[in-house]
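For reference, the chains in residue letters:
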Amino acid sequence: MKHILWSLALAAGVASGLAQAQAPAADAAPASPAAVSAPAAPAMAPAPGGIQSQNIFQIKPDASADPKYAEQTNGERAKVQPGNNAPMWRQVGQGVTGYSSLPTSQAPEAGNLIQRFVQYPGSRVTNAGEAWRQVRNDWIIPYGGSLVLIVAGAIALFYWRKGAIRLHGAETGRKIERFTPFERSAHWANAIAFVALAVSGIVMAFGKFFLLPILGSTLFGWLAYALKNIHNFAGPLFAVSLVIVFFTFLKDNLPRREDVTWIAKGGGMLSEQEVPSHRFNAGEKIVFWAGVLGLGVIVVASGLVLDKLIPGLIYERGTMQIAHMVHAVATVVMIMMFMGHIYMGTIGMHGAYKAMKTGYVDDTWAKEHHELWYDDVQAGKIPRQRSTDAPAVDAAATPTAGHPAQV
């Protein structure tokens, strides 16, 4: 009997252990419909420890319903939607300048990442940096380059069809001093500086379109770097020589009544008879007043801003962008105007280049191209020899059979 009781107790213990061992398998079995419909008990959140991040979707996800949501500062937004920095970036995009400990004179835009919205001529309403880029790339570069090429083509076509303006009469051998050594020095200094500026400026502005594919990035980079330095050093020389040229030739470029007739007849460029003029004709006076004075002042002033040579001026990005646009447009117009001037002073008219090289012209040249000036010289109103350090010119000298007149 005793053994029977011990056997029943042992069997009951084994059955209880097997039931507990198979309990997880029973949990993994498909649940009954009643069990599925019952809601699961919420899990207990672990106790916070250290720095805990917050989920923007768990903390007031409907914060945008606040009527003053769009007016919130970055600090206020951080309280209702941590991690949402929209107010700060909205201010950055609007050009709001933040705090900076740097002095304004040294870093005027240290706290400003994106410029304010503007609309430059030819651009959309956008931030100033993008507006400047649109004006430069969509207007100045394509249309400026096209205009320069059109003027160059027109000059070439005119030379092909018309040719150089030649003398109709034979030279006499008598010379008139048209330019003194000082006048020629001032003119040549200004001309050389202008050519250096024009060539370097054209390469820097348009070179990547027609030189970069040929030279490659390395060689073109060195060329652009060298021309940029030439441009910066030739600029002040051009500015100083421009002032000297203006006051040197001011007296003979004052408007006269005869200039109206010259303009009305187009200077006789398309006819065989030139219109009488004084020392400088109306075309040269237009170049003097519009090119040397008008465009010259604009180009020099904007160039000084770009070189940061004007004292007391705060050089912000907007200031430099406007200066660049003004400088580029004025320079393109000046190049086109001076291209015609250079043409007439070199291959366009026989004897014009020699006049600026030696300072002297023949009586025949003076009479045919500047008849009123020649008459004043003949009448003694203007001296035939104006410089004191040059040998006197014999007004009665004539070419002989053994010594023909110089061409």
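Parameters at a glance
- Residues numbered from 1 in each chain as written.
- Predicted model: local features only at pLDDT ≥ 70, side-chain atom pairs only at ≥ 80, totals over all residues.
- Heavy atoms only, no water.
- 1 Å grid on protein atoms, 1.4 Å probe; cavity = no way out; pocket = protein on both sides within 12 Å on 5 of 7 lines; lining within 4 Å.
- Points joined across faces, edges and corners; volume = space filled by probe spheres on them.
- Helix = DSSP H or I, 4+ residues; strand = E, 2+ residues; numbered from the N terminus.
- Nonpolar A, V, L, I, M, F, W, Y, C, P; charged D, E, K, R; others polar.
- Contact = heavy atoms within 4.5 Å.
- Patch = residues over 30% accessible without salt bridge, like charges linked within 9 Å, V, L, I, M, F, W, Y side chains within 5 Å.
- Areas by Shrake-Rupley, 256 points an atom, 1.4 Å probe, with all protein chains shown as cover.
- Salt bridge = Lys/Arg side-chain N within 4 Å of Asp/Glu carboxyl O.
- Buried < 20%, exposed > 50% of the residue type's maximum accessible area, 1.4 Å probe, protein only.
- Axes fitted to C-alpha atoms, helices over the stretch in contact; angles between N-to-C directions.
- Parallel < 35°, antiparallel > 145°, perpendicular 65-115°, else oblique.
- Left-handed = near helix turned anticlockwise from the far one by under 90°.
- Phe/Tyr/Trp six-rings, centres within 6.5 Å; stacked < 30°, edge-to-face > 60°.
- Lys NZ or Arg CZ within 6 Å of the ring centre and 35° of its normal.
- Expected span 1.5 Å × (residues − 1).
- Bend = angle between axes of the 7 residues up to and from the residue.

K.L.:
Looking at this structure, how should I read the layout of surface pockets?
P.N.:
To find the voids left in a structure, one rolls a probe of water-molecule size over its atoms. Space inside the largest pocket adds up to approximately 1400 Å³. Lining the largest pocket are 47 residues, with Glu284, His341, Ile342, Met344 and Gly345 positioned closest to its centre. Considering each element in turn, the lining of the largest pocket owes the most residues, 9 residues, to helix α12 (residues 317-345). A volume near 840 Å³ is recorded for the second largest pocket. Every residue lining the second largest pocket is counted, 32 residues in all, and those nearest its centre are Gly201, Met204, His231, Leu306 and His327. Residue assignment for the lining of the second largest pocket shows that the elements contributing at least two residues are α6 (128-162), α7 (181-210), α9 (217-249), α11 (282-306) and α12. When the residues that make up the lining of the second largest pocket are grouped by side-chain class, the tally is 21 nonpolar, 8 polar and 3 charged.

K.L.:
Teacher, can you tell me more about the environment of alanine 189 here?
P.N.:
The residue alanine 189 is located in helix α7 in this model. Between the C-alpha atom of alanine 189 and that of serine 241, which follows or precedes it by 52 residues, the distance is 6.4 Å. Beyond its immediate sequence surroundings of up to four residues, alanine 189 is in contact with Leu237 and Ser241.

K.L.:
Help me out: how do you make sense of a nonpolar patch on the surface in this one?
P.N.:
A grouping of Met88, Trp89, Leu113 and Ile114 is seen on the molecular surface, where their side chains present a nonpolar patch of about 400 Å² in accessible area. Mapped onto the elements of the fold, methionine 88 is located in helix α5 (residues 86-93). Classification of methionine 88 by relative accessible area gives partly exposed; the value is 33%.

K.L.:
Looking at this model, I keep getting lost on the packing of α9 against α11. Mind explaining?
P.N.:
Packed helices, taken two at a time, are described by the angle their axes make and the gap between the axes. α11 packs onto α9 with a crossing angle of 150 degrees between their chain directions and a minimal axis gap of 11 Å. One way to sum up the angle between α9 and α11 is to call them roughly antiparallel. You can see that α9 and α11 cross each other, and the crossing is left-handed. Residues Phe238, Ala239, Leu242, Val245, Phe246 and Phe249 of α9 pack against Phe288, Trp289, Val292, Leu293, Gly296 and Val300 of α11.

K.L.:
Just to check I follow, could you spell out the packing of aromatic side chains for this structure?
P.N.:
Ring pairs (aromatic) are described by centroid distance and by the angle formed between their planes. Under the defined criterion, the tally for this structure stands at 14 aromatic pairs. Between the aromatic rings of tyrosine 159 and tyrosine 343, the centroid separation amounts to 6.2 Å while the plane-to-plane angle is 85 degrees, which identifies the pairing as edge-to-face. Within this pair, whereas tyrosine 159 is found in helix α6, its partner tyrosine 343 is found in helix α12, the two being separated by 184 residues in sequence. You can call tyrosine 159 partly exposed: its relative accessible area is 37%. In this structure tyrosine 343 comes out as buried when scored by relative accessible area, which is 9%. Members of the aromatic cluster, joined through ring pairs, are Phe246, Phe247, Phe288 and Trp289. Above the ring of tyrosine 69, the side-chain terminus of arginine 77 is found at 3.8 Å from the ring centroid.

K.L.:
What is the right way to look at α9 in this model?
P.N.:
Because an α-helix packs 3.6 residues into every turn, residues spaced three or four apart end up facing the same way. Spanning 33 residues, α9 covers 44 Å between terminal C-alpha atoms, matching the ideal 48 Å at 1.5 Å per step. A bend of about 30 degrees at alanine 234 is the largest found in α9, and the proline proline 236 appears one to four places after it. Within the span of α9, buried status applies to Phe220, Ala224, Leu227, His231, Ala234, Phe238, Ala239, Ser241, Leu242, Val245, Phe246 and Phe249. Packing partners of the buried residues in α9 comprise α7, α8 (212-215), α11 and α12.

K.L.:
So what exactly am I meant to see when it comes to unusual backbone geometry here?
P.N.:
Glycine aside, the phi torsion of most residues is negative, and most peptide linkages are trans. Look at lysine 308: it is not a glycine, yet its phi comes out positive at around 60 degrees. Along the chain, lysine 308 falls in the loop between α11 and α12. The class of lysine 308 is exposed, set by a relative accessible area of 52%.

Geometry only, nothing functional implied.
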